[in-house]
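What follows is the residue order along each chain.
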Amino acid sequence: MKTYDVCIVGGGSTFTLGFLKSFVRLRDEFPLRRLVLFDIDGERQEPIGKYGEILFKERFPELDFSYTTDVEEAYKGMDFVFMQMRAGGLPMREKDEKIPLSMGKIGQETCGAGGMAYGLRSCVDMVKAVHDIRTYAPMAWILNYSNPAAIVAECLRREFPDDKRILNICDQPENVVRSASRLLGCDWEDLDPVYFGLNHYGWFTHMYDVHTGEDLLPKIKRLTAERGFLPQDAEQRDQSWLDTYGMVQTIMADFPDYLPNTYDQYYLYPDYKAAHLDPNYTRANEVMDGREKRVFAECSEVIAAGKLGDKFHAISDAHAEMMIKVAEAIAYNKNDRHIIIVENNGAIANLQDDAMVEVVCELGINGPRPMRVGNIPQFYYGLLAQQVSSEKLLVDAYYEHSYQKALMALTLNRLVNDAKKARQILDALIEANKGMWPELK
Ligand code: G6P
Ligand code: MN
């Protein structure tokens, strides 16, 4: 049986431990030969690397595991590169969230002005990283879930138009399917969704029962109205995520056609959400005080003890498992279904061909084959066409170093929506992103 060489870009991420454990759990399904963690911040990555050494020595001794800050060592000979970099780190996430919020507009990791700030940083870092990967691993599959995935996908589409081995993907649609399964009391893999949208901006039009073919969307609607909507792993979630999933009930009451992606809340209720976010304590603070502390405390404990102890429990990490299953689909030409970001080319019939859209795809050795959803209704078309325009203008701004295009991008974003506000926020973001953005003129 072939075994695979995998690199994780963003080895110092708070999500990496979940990956390391999931690779052990799924070792029979997806056999690894070599795993390399790469991060530009060696100091941050080191405890995670050391944790990995202890974990694999105990649970997967035949794995060739290492961690590095050297691009050649990281990429050479890789079959798969999983990319989860966070351009600017959590301190810049905090600024992305707080700067717009201090001006009365939603500050969010991937949506609105904050997402656009992050988007420009990610364009810079991702373009460089993918060129590095292609220098050392021309045939590697690049599975990107670095954010904001919509903007990154648009940028990589332009930078590498002929590269068919770059896949952009997000776990949130699958998370919503998992949540629906909790509500329905079934296994999430028994649900066969139909989905359309952009990354972090989409809807499920159907949710079929794979066994009977019944469309369960009406039942999901009824149950959501009665009981609300929870993440599948609600017991492990912070309050802000519970609030986010809770908004699905409100969205479905106002727009009962479809089951929304949780991120739709920002686009549909920008004023309400802005008024309910705390400008002094945002999700970045919650992550730094919560997950980040927990992950690095777990590393310190394990490193000090020199052994894993009780740290390897059975709780599955949905995010990591999803990515490993995506790699499996390609490696074993499974042609199973995943929700992936692809160039539209008619998948959403009435949206422009060169938009990067998120739809259900069959995924195998030759990449994703999108499933068409036909024309989408006027309301959804209007929302998405506006956002596609905003994201494309932002990527224009990146390539042309154009202040004007960035101003247009922010003005068109529903979470800003006003040219004077857009200019004010843009000027503050330029200041905060010095050296990390292209210089806009
Ligand atoms: C979901 C989204 C990711 C996003 C993450 C943020 O998984 O799909 O794109 O980065 O949430 O989670 P956090 O817990 O860091 O706020
Ligand atoms: Mn995502």
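Data block above holds the structure.
Note that the coordinates shown come from a computational prediction; the quantities given were computed from them, not determined experimentally.

A. How the structure looks around the site of ligand 1. Around ligand 1, the neighbouring residues are Arg93, Glu109, Asn147, Cys170, Asp171, Gln172, His200, Trp241, Tyr263, Arg283, Val287 and Arg291. In this structure, Tyr263 approaches ligand 1 through a side-chain N or O atom, which is 3.4 Å from an oxygen atom. In this structure, an oxygen atom belonging to ligand 1 sits 2.7 Å away from a side-chain N or O atom of Arg291. Relative to its free-state accessible area of 390 Å², ligand 1 is covered by the protein chains to the extent of 89%. The residue makeup of the shell around ligand 1, split by class, is four nonpolar, three polar and five charged.

B. Layout of the coordination of the manganese ion (ligand 2). Coordination of the manganese ion (ligand 2) by the protein is provided by Cys170 (SG) and His200 (NE2), with metal-donor distances spanning 2.2 to 2.4 Å. Here the residue Cys170 occupies a position in the loop between strand E6 (166–169) and helix H7 (172–184), and His200 occupies one in the loop between strand E7 (191–198) and strand E8 (201–209), the gap between them amounting to 30 residues.

C. Layout of the sheet that holds strand E11 (residues 356–364). A sheet is described by the order of its strands in space; here nine strands give the open sequence E3-E2-E1-E4-E5-E6-E10-E11-E12, paired in mixed fashion. Edge positions in the open sheet fall to strand E3 (64–68) and strand E12 (367–370), since each of these has one partner strand only. Taking each pair of neighbouring strands and ignoring which way they run, the sheet shows an average axis angle of 35°. In the sheet, strand E1 (residues 4–9) pairs with strand E2 (residues 32–38) via six bridges, with the strands oriented parallel. Among the inter-strand pairings, Val6 is bridged to a residue of E2, identified as Leu35. Sitting on the sheet, helix H5 (residues 112–136) touches strand E4 (80–83), strand E5 (141–144) and E6, and the angle it makes with E4 is about 170°.

D. View of H5. The end-to-end C-alpha separation of H5 is 35 Å, in line with the 36 Å expected for 25 residues at 1.5 Å each. The largest bend in H5 comes to about 25°, at Ser122. Counting buried positions along H5 yields 19 of 25 residues, so the element is predominantly enclosed.

E. Just the pattern of salt bridges, in detail. On inspection of all chains with the given rule, the structure shows 35 salt bridges. Between Arg93 and Glu97 there is a salt bridge; the shortest N-O distance is 3.0 Å. Taken together, the positions of Arg93 and Glu97, both in helix H4 (residues 89–102) and four residues apart, correspond to about one turn of that helix. Comparing Arg93 with Glu97, the two get one shared label, buried. The partner of Glu400 in a salt bridge is Lys405, and the shortest N-O contact between them spans 3.0 Å. Residue Glu400 is classed as partly exposed on the basis of its relative accessible area of 46%. Ionic contacts of the salt-bridge type, sharing partners, join the residues Glu154, Arg157, Arg158, Glu343, Asp354, Lys392, Asp396, Glu400 and Lys405 into one network.

F. Focus on the packing of aromatic side chains. Inspection of the entire model under this criterion finds 26 aromatic pairs. Their ring planes at 85° and their centres at 6.5 Å tell us that Trp241 and Tyr263 sit as a pair that is edge-to-face. Residue Trp241 is located in helix H9 (residues 239–254), and its partner Tyr263 is located in the loop between strand E9 (259–260) and helix H10 (264–268); the two are separated by 22 residues in the primary sequence. The two residues Trp241 and Tyr263 agree in class, both being buried. Put simply, the rings of Phe196, Tyr201, Trp203, Phe255, Tyr258, Tyr267, Phe379 and Tyr380 pair up and form one aromatic cluster. A cation sits over an aromatic face here: Arg27 above Phe60, 4.2 Å from the ring centre. Its guanidinium or amino end placed over the ring of Trp241, Arg237 lies 4.9 Å from that ring's centre, counting from NZ or CZ.

G. Broad picture of the pairing of E6. Residue alternation in E6 divides its side chains into two sets, Ile166 and Asn168 and Leu167 and Ile169, and both sets are buried. Bridging between E5 and E6 involves three bridges; their strand directions are parallel. Across the sheet, the residue bridging to Asn144 is Asn168, located in E6. The parallel pair E5 and E6, bridged by helix H6 (residues 149–159), forms a crossover whose chirality is right-handed. Sheet topology places E6 next to strand E10 (residues 336–343); two bridges connect them, and they run antiparallel. Considered in E10, the bridge of Ile169 is made with Ile340.

Cut-offs used in this document
Residues numbered from 1 in each chain as written. Chains lettered and ligands numbered in written order. Predicted model: local features only at pLDDT ≥ 70, side-chain atom pairs only at ≥ 80, totals over all residues. Heavy atoms only, no water. Near = heavy atom within 4 Å. Polar contact = N/O pair within 3.5 Å; in protein donor to acceptor, adjacent residues only side chain to side chain. Areas by Shrake-Rupley, 256 points an atom, 1.4 Å probe, with all protein chains shown as cover. Nonpolar A, V, L, I, M, F, W, Y, C, P; charged D, E, K, R; others polar. Donors = N, O, S within 2.8 Å, 3.2 Å for Na, K, Ca; no water. Helix = DSSP H or I, 4+ residues; strand = E, 2+ residues; numbered from the N terminus. Pairing = 2+ DSSP bridges. Axes fitted to C-alpha atoms, helices over the stretch in contact; angles between N-to-C directions. Contact = heavy atoms within 4.5 Å. Expected span 1.5 Å × (residues − 1). Bend = angle between axes of the 7 residues up to and from the residue. Buried < 20%, exposed > 50% of the residue type's maximum accessible area, 1.4 Å probe, protein only. Salt bridge = Lys/Arg side-chain N within 4 Å of Asp/Glu carboxyl O. Phe/Tyr/Trp six-rings, centres within 6.5 Å; stacked < 30°, edge-to-face > 60°. Lys NZ or Arg CZ within 6 Å of the ring centre and 35° of its normal. Right-handed = clockwise from strand over helix to strand, strands pointing away.

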